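Structural characterization, general
Take a look at the letters that make up each chain.
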Amino acid sequence: MNTETFERLLKQAVPDGKTIREIRIRTEKPVMILLESGENLLFSDGTCGKTESYGKKKMGALEIREDWSVVLADQELIRGILETCSRHSLYAYEREISQGFLTICGGHRVGIAGKAVVEDGHVRTVRDLSSLNIRVAHEVKGCAKNVLPYLMDGETFLDTLLISPPGAGKTTLLRDLIRELSCGGTWGAGKNVSVVDERSEIAACFGGVAQCDLGPRTDVMDGCPKSEGMLMMLRSMAPQVLAVDEAGGEGEILAMKYGMNCGCRILATVHGADVGDIMKRPAWRELAEAKVFSRYVVLSGVPGPGTIVGIYDVNFQRMDKRN
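**Considerations on the environment of V110**
Counting through the fold element by element, V110 comes out in strand β8 (residues 109-119). Given a relative accessible area of 0%, V110 falls into the buried group. Taking the C-alpha atoms as reference points, V110 and L82, separated by 28 residues in sequence, lie 8.5 Å from one another. Setting aside residues no more than four positions away along its own chain, V110 makes contact with C85, G100, F101, L102, I104, L132, N133 and I134.

**Concerning the packing of aromatic side chains**
The tally for this structure, following the rule as stated, stands at 3 aromatic pairs. Here W284 and F293 contribute two aromatic rings whose centre-to-centre distance is 6.3 Å and whose plane-to-plane angle is 35 degrees, an arrangement assigned as tilted. Pairing Y296 with F316 gives two aromatic rings, centres 4.9 Å apart and planes at 35 degrees, and the pair type is tilted. With a gap of 20 residues between them, Y296 in strand β21 (residues 295-300) and F316 in the segment after β22 (307-312) connect regions that are remote in the sequence. Of the residues examined, Y296 reaches a relative accessible area of 1% and is grouped as buried. Using a relative accessible area of 27% as the deciding quantity, one classes F316 as partly exposed. Members of the aromatic cluster, connected to one another through ring pairs, are W284, F293, Y296 and F316. The lysine or arginine in question, R109, covers the ring of F101, its NZ or CZ lying 5.3 Å from the ring centre.

**Structural notes on the pattern of salt bridges**
Should the charged atoms of two oppositely charged side chains come close, the side chains can pair. One pass over the full model with this rule turns up 21 salt bridges. Residue R21 is joined to E36 by a salt bridge in which the shortest nitrogen-to-oxygen separation is 2.5 Å. Taken together, the positions of R21 in strand β1 (residues 20-26) and E36 in the loop between β2 (32-35) and β3 (38-42) put the pair 15 residues apart, joining distant regions of the chain. Note on E36: relative accessible area 55%, which makes it exposed. The salt bridge involving R135 is made with E201; its shortest N-O contact spans 3.2 Å. Placement of the pair is R135 in strand β9 (residues 122-135) and E201 in the loop between β15 (193-197) and β16 (205-206), with a sequence separation of 66 residues. By relative accessible area, E201 is classed as buried at 14%. Each of E22, R24, R109, R135, K170, R199, E201, D245 and E246 takes part in one network of salt bridges that share partners.

**Some details on the sheet that holds strand β19 (residues 241-244)**
Pairing within the open sheet is mixed, and its 7 strands lie in the order β18-β15-β19-β20-β12-β21-β22. Of all the strands in the sheet, just β18 (218-222) and β22 have a single pairing partner and so form its edges. Strand after strand, the sheet turns through a mean of 15 degrees between neighbouring axes, direction not considered. Pairing of β15 with β19, which is carried by 4 bridges, proceeds in the parallel orientation. Considered in β19, the bridge of S194 is made with L242.

The rules behind these values
- Residues numbered from 1 in each chain as written.
- Predicted model: local features only at pLDDT ≥ 70, side-chain atom pairs only at ≥ 80, totals over all residues.
- Heavy atoms only, no water.
- Helix = DSSP H or I, 4+ residues; strand = E, 2+ residues; numbered from the N terminus.
- Buried < 20%, exposed > 50% of the residue type's maximum accessible area, 1.4 Å probe, protein only.
- Contact = heavy atoms within 4.5 Å.
- Phe/Tyr/Trp six-rings, centres within 6.5 Å; stacked < 30°, edge-to-face > 60°.
- Lys NZ or Arg CZ within 6 Å of the ring centre and 35° of its normal.
- Salt bridge = Lys/Arg side-chain N within 4 Å of Asp/Glu carboxyl O.
- Pairing = 2+ DSSP bridges.
- Axes fitted to C-alpha atoms, helices over the stretch in contact; angles between N-to-C directions.

This is the structure we're talking about:
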């Protein structure tokens, strides 16, 4: 399938493209579209429908007509999409591709999988691509409004760790917290926020311009390893708040500690099901026992992304109202 046909079918199936969250494209597998309402299959008549399992005559609540067929991706489609995304210059994106993704106009991220080409122990590029995951950059402005009051002591922002399993909305919440802190509000004046965006997910920068609104007092170090980027921002931008997504490496933890010792507040995220989950990891358990973070916000993807499980203080006492 060529990209023109795919684009036509996609626009026909999802006229309101703003509802698309992800598009999964795998060689010889059905194209799957993740909408706000859930996962869908793309059909060759320009429609899409929910499914619980591929290959059954009934897919969820949808009866498959005989004249319908599921759109299967192929190498032509994958190559065509990647050529379009790289503006027909894959070489210019070789560094990003070696990390497994590239960021395109609008801040959208295209994850890739295939055969890694390894030289001197490092991935130089990825060839024979077999999968693409197009993640559509989106903002949910205002989602942090009910959370931020628990993270403030007067006008002082408290060191905060967001804990969430993958896909549960932690980056979306992080992005809006950054925007709120940068803009300021009834609690006080806006703060200088430095963001280290190693994978271009928070600000969704493209060509040096943030595609997502992080507020007027936010500086972004894009595409830089987190541990190095945090130290660079601390030295050069004098942030009041330093924000980083998916921290956890030894160097990253040391950089966060250094920032705290410099009087900078930290806003970070980590993958985990709950507080108990991260306590199983020695480095995070040490931070928790040392009471490095004053607030913990736990998210869940159930019933939907962004669901707040609880907000906890330094002693892991829940602060928000229970259901």
